[in-house]
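An overview of the molecular structure
Each chain, written out:
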Amino acid sequence: MIRRVRCRVDSVVGHGEHVFTIELAPETPVPPFKPGQFMHLTLDEYEPSRHWPESRVFSIASSPRELNRIRILYSAIGPYSRRMERELREGSVVWIKLPYGEFVIDNSQNVVLVAGGTGISAYTAFLEGLKPDHSRKVMLVYGARNPELMTCRQMLLGLLTRVPTFNAVLFAERASREYISAQSQLPGERLRQNIGRIGIEGFWPLLQDPLKQIYYLSGPPQMLTALSSGLRERGLPSGSVRMDAWE
């Protein structure tokens, strides 16, 4: 059931290059949602007797177990998100409505989760819920402009330690070979790091039975177009490639 909830901004964390994590404290618990679903956020006051104000959609990055806390990750790249960058501070008030979306990961399949930039927020709730006995293989392919913008890096390193079926392939557009060399020792062959943009050739050879995986893509439109086309050229049926497009 969709609900509209007034929230206070508890914290704003800047990661550099206009990328931010926002923590919201809802005035009432939000309705149950599934990992991968999204919400609408508006900076303007909402009056129930009027239409919903202008808003933008954001993946819910926080856990469904925390209905009194909502987290989003965003990049200020459009007019509305740049307004968010200017106006949102600790103590600000926003309205959200949720949940929406069918971009929900199938736990019964081996999956490849591909995230560009803040597209990682579509997966964080799922990843944080992985248990050590998770039986299906999960590969995360995660790209950002530089390593400092990989906001979930510590969580990923923890997953590589705790969850044997989890693997990660990271791409940084701007990173030195010295950085890659220094970071490549943790944790062995289950973490691969690359310089450059996400490319299929950087993770396809690492997969066992690549045609038997389900691929989830979340990120900029140009990335989705290139990767979905490349995956289908390798013989994947359309139902094996699922996309979560965003601004």
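Keep in mind it's a predicted model, so treat the numbers as computed, not measured.

Focus on the nonpolar core
Leu113, Tyr123, Leu127, Leu140, Leu156 and Phe166 are the most contacted members of the largest nonpolar core, which has 33 residues in total. Those elements that place two or more of their residues in this core are β7 (111-116), α2 (124-128), β8 (138-144), α3 (153-162), β9 (166-172) and β11 (214-219). Aside from chain neighbours lying at most four places away, what touches Leu156 is Leu127, Leu140, Tyr142, Phe166 and Leu170. Counting 23 residues, the second largest nonpolar core, distinct from the first, contains Leu24, Phe33, Ile72 and Met84.

Focus: the sheet that holds strand β1 (residues 3-16)
With antiparallel pairing, the 6 strands of this open sheet are ordered in space as β4-β3-β6-β1-β2-β5. Here the strands that pair on one side only, and so sit at the sheet edges, are β4 (56-59) and β5 (70-75). Sheet twist, expressed as the average angle between the axes of neighbouring strands with direction ignored, equals 40°. Examined bridge by bridge, strand β3 (residues 38-42) and strand β6 (residues 93-100) share 4 bridges and lie antiparallel to one another. Looking at β6, one finds that Thr42 is bridged to Trp95. Along the sheet, helix α1 (residues 79-87) makes contact with β2 (19-26), β3, β4 and β5, crossing β5 at roughly 115°.

Notes on the side chain of Ser81
Here Ser81 is to be found in helix α1. What makes Ser81 buried here is its relative accessible area of 3%. Of the polar contacts made by the side chain of Ser81, one reaches the backbone oxygen of Ser75; its length is 3.5 Å. Filtering out sequence-adjacent residues up to four positions away, Ser81 remains in contact with Tyr74, Ser75 and Ala76.

Quick notes on α3
Of all 10 residues that make up α3, 7 are buried, and the element is covered over most of its length. Among all positions in α3, only Arg153, Met155, Leu156, Leu157, Gly158, Leu159 and Leu160 are buried.

A short note on the pairing of β8
Of all the 7 residues making up β8, 7 are buried; the element is thus mostly covered by neighbouring parts of the structure. Residues Val138, Leu140, Tyr142 and Ala144 of β8 are buried on one face, and the alternating residues Met139, Val141 and Gly143, pointing to the opposite face, are buried as well. By the bridge criterion, 6 bridges tie β7 to β8 in an arrangement that is parallel. The partner of Val114 across the bridge, within β8, is Val141.

Considering the pairing of β7
Taking burial as the measure, the 6 residues of β7 include 6 buried ones, the bulk of the element. The alternating pattern of β7 places Val111, Leu113 and Ala115 on one face and Val112, Val114 and Gly116 on the opposite face, and all of these are buried. Relative to β11, β7 runs parallel, the two being bridged by 5 bridges. Counterpart to Val114 in the pairing with β11 is Leu217.

Notes on the pattern of salt bridges
Using the criterion set out here, one finds 10 salt bridges in the structure. Taking the shortest distance from any N to any O, the salt bridge between Glu54 and Arg56 comes out at 3.4 Å. Between Arg83 and Glu87 there is a salt bridge whose closest N-O contact spans 2.9 Å. Linking Arg83 with Glu87, this pair stays in helix α1, spanning 4 residues, or about one helical turn. One continuous salt-bridge network, built from bridges that share partners, spans Arg8, Asp10 and Arg69.

Looking at the layout of surface pockets
Approximately 590 Å³ is the volume attributed to the largest pocket. Lining the largest pocket are 26 residues, with Gly116, Gly117, Glu173, Pro220 and Gln222 sitting closest to its centre. If you list the elements that add at least two residues to the lining of the largest pocket, you get β5, β8 and α5 (221-233). When residues in the lining of the largest pocket are grouped by element, the largest group, 5 residues, is from α5.

About the criteria used
- Residues numbered from 1 in each chain as written.
- Predicted model: local features only at pLDDT ≥ 70, side-chain atom pairs only at ≥ 80, totals over all residues.
- Heavy atoms only, no water.
- Core = buried A, V, L, I, M, F, W, Y, C linked by side-chain atoms within 4.5 Å.
- Buried < 20%, exposed > 50% of the residue type's maximum accessible area, 1.4 Å probe, protein only.
- Helix = DSSP H or I, 4+ residues; strand = E, 2+ residues; numbered from the N terminus.
- Contact = heavy atoms within 4.5 Å.
- Pairing = 2+ DSSP bridges.
- Axes fitted to C-alpha atoms, helices over the stretch in contact; angles between N-to-C directions.
- Polar contact = N/O pair within 3.5 Å; in protein donor to acceptor, adjacent residues only side chain to side chain.
- Salt bridge = Lys/Arg side-chain N within 4 Å of Asp/Glu carboxyl O.
- 1 Å grid on protein atoms, 1.4 Å probe; cavity = no way out; pocket = protein on both sides within 12 Å on 5 of 7 lines; lining within 4 Å.
- Points joined across faces, edges and corners; volume = space filled by probe spheres on them.

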